Amino acid sequence: ADGQRLPLVITPDGTPLIEPDAPELASHVGLATTPEAEFYDLVVIGGGPAGLGAAVYGASEGLRTVLVERSATGGQAGQSSRIENYLGFPDGVSGGQLTDRARRQAAKFGAEILTAREVTGLEVNGAARVVRFSDGSAVAAHSVILATGVSYRQLLAPGCDALTGCGVYYGSALTEAASCQGQDVYIVGGANSAGQAAMYLARGAKSVTLLVRGESLAASMSHYLVQQIEEAPNISVRARTVVEAAHGEGHLEQLTLRDVDSGASELVDAQWMFVFIGAAPLTDWLDGTVLRDGRGFILAGPDLTTDGRPPAQWELDRPPYHLETSIPGVFVAGDARAESAKRVASAVGEGAMAVMLVHRYLEQS
Ligand SMILES: Cc1cc2nc3c(=O)[nH]c(=O)nc-3n(C[C@H](O)[C@H](O)[C@H](O)COP(=O)(O)OP(=O)(O)OC[C@H]3O[C@@H](n4cnc5c(N)ncnc54)[C@H](O)[C@@H]3O)c2cc1C
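Counting restarts for each chain, with residues numbered from 1 along the sequence as it is written. This being a predicted model, a pLDDT of at least 70 is required before a residue's local features are given, and a value of 80 or more before pairs of side-chain atoms are given or counted; all residues contribute to the totals for chains, interfaces and linings. To get the side-chain values, take all heavy atoms of the structure and skip hydrogens and water.

**Thoughts on the sheet that holds strand β14 (residues 241-247)**
So the rule is basically this: Two strands are said to pair when DSSP picks up at least two bridges between them. A helix here means a DSSP run of H or I that spans at least four residues, while a strand means a run of E at least two residues long, and both kinds are numbered starting from the N terminus. Working convention: axes come from line fits to C-alpha atoms, limited for helices to the stretch in contact. Angles between N-to-C directions cover 0 to 180 degrees.
One open sheet holds the 3 strands; their spatial order is β14-β15-β16, and the pairing between them is antiparallel. A strand with exactly one partner marks an edge of an open sheet, and here the two such strands are β14 and β16 (265-269). Looking at each pair of strands side by side, their axes are set apart by 30° on average, direction ignored. As paired strands, strand β15 (residues 254-259) and β16 are joined by 5 bridges and run antiparallel to one another. What sits directly across from L255, in β16, is V268.

Structure, rendered in structure tokens:
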């Protein structure tokens, strides 16, 4: 209340929450954070499209299902201002709308959804698969679907870390768009996520500048987006340009940009910078359990076999099912899987397919 300890949240019944952490806030807005049971048929880890897809199919097909999400459901898709290529939405749909509907659909079928709970461990205890939370508590199940997706890579230039959340953002274009009205916005990255953010922010911003390390957008962005960007009067593209430093007292004020060919630096005014420079899976917590590739993506099914043979620790006579990891009964769906398609539709589809394989696993075990 003295302006020193923020945020201050006042709940509808008037209770003040001073500097609440995510679980405290979640519990006051009616979101569940604690499992109702100790044992389930299926624990789904991650509440993006893959996890929500798995929860919808798991619960609707009679599996006692709990989904655990470390922040709020939606995943990367929930950050997308407009998804144009998801089947059945010819006019596009915002990622928030799509995933909120999926959350309600999963809940309608009886899936339990826990938010603000981070999973930090996976253990095998006989036939049970034990999922451990960051506070040490655990929940067990016959089967697990890992749907932990990917997270944005951070920009390492000096100043970016300190100004993250104060003018520098990773992928959260949608939530900050209102603040960018009439201002100069920079977007770092040349892939579709950067292009979509540029189109969305250009509706209100004075100018949007896309900073691209490569020669042009054509190599990394869908043709339809490149066309839209070329036609937008207030979007410009600076190719072969990187951010060398971010400056500002309490909020982003300026950026130092560097031309990668000439090495020349330039200081520009910038109040907002949104960074989309690729993503990496957050799977370190799985070290020593399921097998992963060199970049941390989870290996499954045929990708686990060498010359047709499953990995040494695989103990069953049958080979791993298509989305099954190196631990029987533990499956992976969506962006966290090695060689996955990195699309909403494929993530949802893999969530559904993983549930089908869970049924097969349960029938045989
Ligand atoms: C801005 C943007 C725009 C996009 N636009 C499109 C588009 O137009 N069309 C398209 O097809 N695709 C698009 N994509 C890609 C698409 O959103 C992803 O492919 C899809 O969201 C992947 O789903 P997922 O469930 O595998 O992973 P994610 O969406 O990454 O969700 C993973 C979830 O798991 C949670 N999690 C991670 N670790 C843990 C843990 N240890 N414990 C508990 N929870 C955890 C995360 O918090 C997250 O909510 C876009 C992506 C972005 C970022």
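**Points about the site of the ligand**
Just so we agree on the cut-off: Whether a residue is near a molecule or strand depends on its heavy atoms: it is near if one of them lies within 4 Å of it. Polar contact criterion, stated in full: a pair of N or O atoms within 3.5 Å, where within protein one must be able to donate a hydrogen and the other to accept it, and residues adjacent in sequence count only if both atoms are side-chain atoms. In this description, accessible areas are obtained by the Shrake-Rupley approach with a 1.4 Å probe, and a residue is regarded as covered only by the protein chains that are shown. Under the grouping applied here, Gly and all other residues not named as nonpolar or charged are polar, the nonpolar ones being Ala, Val, Leu, Ile, Met, Phe, Trp, Tyr, Cys and Pro and the charged ones Asp, Glu, Lys and Arg.
Close to the ligand lie 33 residues; E69, Q76, N85, Y152 and D335 are nearest. A50 places a polar main-chain atom, nitrogen or oxygen, 2.9 Å from an oxygen atom of the ligand. One of the backbone nitrogen or oxygen atoms of R343 is found 3.2 Å away from an oxygen atom of the ligand. Across the complex, the protein chains shield 94% of the 1,000 Å² of accessible surface that the ligand would expose by itself. Those elements that provide at least two residues to the shell around the ligand are α2 (49-60), β9 (150-152), α6 (192-201) and α8 (344-364). Within the shell around the ligand, the residues separate by chemical class into 13 nonpolar, 13 polar and 7 charged.

**Quick notes on the sheet that holds strand β12 (residues 207-212)**
Quick reminder of the rule: Contact between two residues is taken to exist if any of their heavy atoms lie within 4.5 Å; hydrogens are not considered.
Across the sheet, which stays open at both edges, the 5 strands sit in the order β10-β17-β11-β12-β13 with parallel pairing between neighbours. Across the chains shown, the open sheet's two edge strands, defined by having one partner strand only, are β10 (168-170) and β13 (235-239). The mean angle between the axes of side-by-side strands here comes to 20°, regardless of whether they run parallel or antiparallel. Where α6 meets the sheet, its contacts fall on β11 (184-188), β12, β13 and β17 (272-275), and the angle it forms with β11 comes to roughly 170°.

**With respect to the pattern of salt bridges**
As a reminder of what qualifies: What counts as a salt bridge is simple: a side-chain nitrogen of Lys or Arg found within 4 Å of a carboxyl oxygen of Asp or Glu. Here the term buried applies to any residue with accessible area under 20% of the maximum for its type, exposed to any over 50%, and partly exposed to those in between, with areas from a 1.4 Å probe on protein chains only.
Summed over all chains, the structure comprises 14 salt bridges. Residues D100 and R104 are paired through a salt bridge, measuring 3.6 Å at the closest nitrogen-oxygen approach. Of this pair, D100 and R104 both sit in helix α3 (residues 95-108), 4 residues apart, which is roughly one turn of the helix. The exposure class assigned to D100 is partly exposed, which follows from its relative accessible area of 32%. Several salt bridges converge on common partners, so that one network encompasses D100, R103 and R104.

**Some words on the packing of aromatic side chains**
Put simply, the test is: Here the aromatic set is Phe, Tyr and Trp, taking the six-membered ring for Trp, and pairing holds for ring centres within 6.5 Å; pairs whose planes are under 30 degrees apart are stacked, those over 60 apart are edge-to-face, and all others are tilted. Either the NZ atom of lysine or the CZ atom of arginine qualifies as a charge over a ring when it sits within 6 Å of the ring centre and within 35 degrees of the ring normal.
Summed over all chains, the structure comprises 5 aromatic pairs. Taken together, a centroid distance of 5.6 Å and an interplanar angle of 25° make the contact between Y169 and F274 stacked. In this pair, Y169 is assigned in strand β10 and F274 in strand β17, connecting sequence segments 105 residues apart. Exposure class is identical for Y169 and F274. Each is buried. Through pairs of rings, three or more aromatic residues link up here, namely Y169, W272 and F274. Looking at R360, its charged tip hangs above the ring of Y321, at a distance of 5.3 Å from the centre.

**Section: the domain arrangement of the chain**
The cut-off we apply is this: As used throughout, domain bounds are those supplied by an automatic or database domain assignment. Note: buried area is the sum, over both parts, of the accessible area (probe 1.4 Å) each one loses when the two are combined.
Splitting the chain by domain gives domain 1 (39-152 + 280-364) and domain 2 (160-277). Residue-level contacts link 7 residues of domain 1 with 12 residues of domain 2. Counting the surface lost from both domain 1 and domain 2, the interface buries some 760 Å², and carbon and sulfur atoms represent 54% of this. When the buried surface of domain 1 facing domain 2 is broken down by residue, Q79, S81 and Y152 rank first, second and third, together holding 69% of it. Applying the counting criterion to the domain 1 and domain 2 interface returns 0 salt bridges. Joining domain 1 to domain 2, the criterion identifies 0 residue pairs in polar contact (both at pLDDT 80 or more). In terms of residue class, the side of domain 1 that touches domain 2 is made up of 1 nonpolar, 4 polar and 2 charged.

**Section: the packing of α2 against α8**
Packed helix pairs are characterised by how far apart their axes lie and by the angle those axes make with each other. What counts is decided by this rule: Note on convention: near helix rotated counterclockwise from far helix by under a right angle means a left-handed crossing. Clockwise means right-handed.
Close contact between α2 and α8 brings their axes to 7 Å; oriented N to C, the two are set at 40°. The element α2 and its partner α8 pack so that their crossing is right-handed. Facing P49, A50, G53, A54, Y57 and G58 of α2, the residues of α8 in contact are V344, A347, V348, G351, A352 and V355. In the contact of α2 with α8, the residues fall into 9 nonpolar, 3 polar and no charged.

**Topic: helix α7 (residues 223-231)**
So the rule is basically this: Note that the arc is computed from the directions linking the helix axis to the C-beta atoms.
Buried within α7 we find L225, V226 and I229. The arc that holds the buried residues of α7, viewed along the axis, is 100°, so those residues lie on one side. Within α7, the exposed residues directed more than 90 degrees away from the buried face are H223, E230 and E231. Residues of α7 that are buried in the fold lie against α6, β12 and β13.

**Focus on the nonpolar core**
The cut-off we apply is this: Working definition of a nonpolar core: buried Ala, Val, Leu, Ile, Met, Phe, Trp, Tyr and Cys residues. They are joined through side-chain atoms within 4.5 Å.
In terms of nonpolar packing, the biggest core is built from 26 residues, with L42, I145 and F331 touching the most fellow members. If we skip the residues at most four places from it in the chain, L42 touches G58, L63, R64, T65, V66, A141, S143, V144, I145, V355 and V358. Residues A177, A197, L201 and W272 belong to the second largest nonpolar core, which totals 25 residues.

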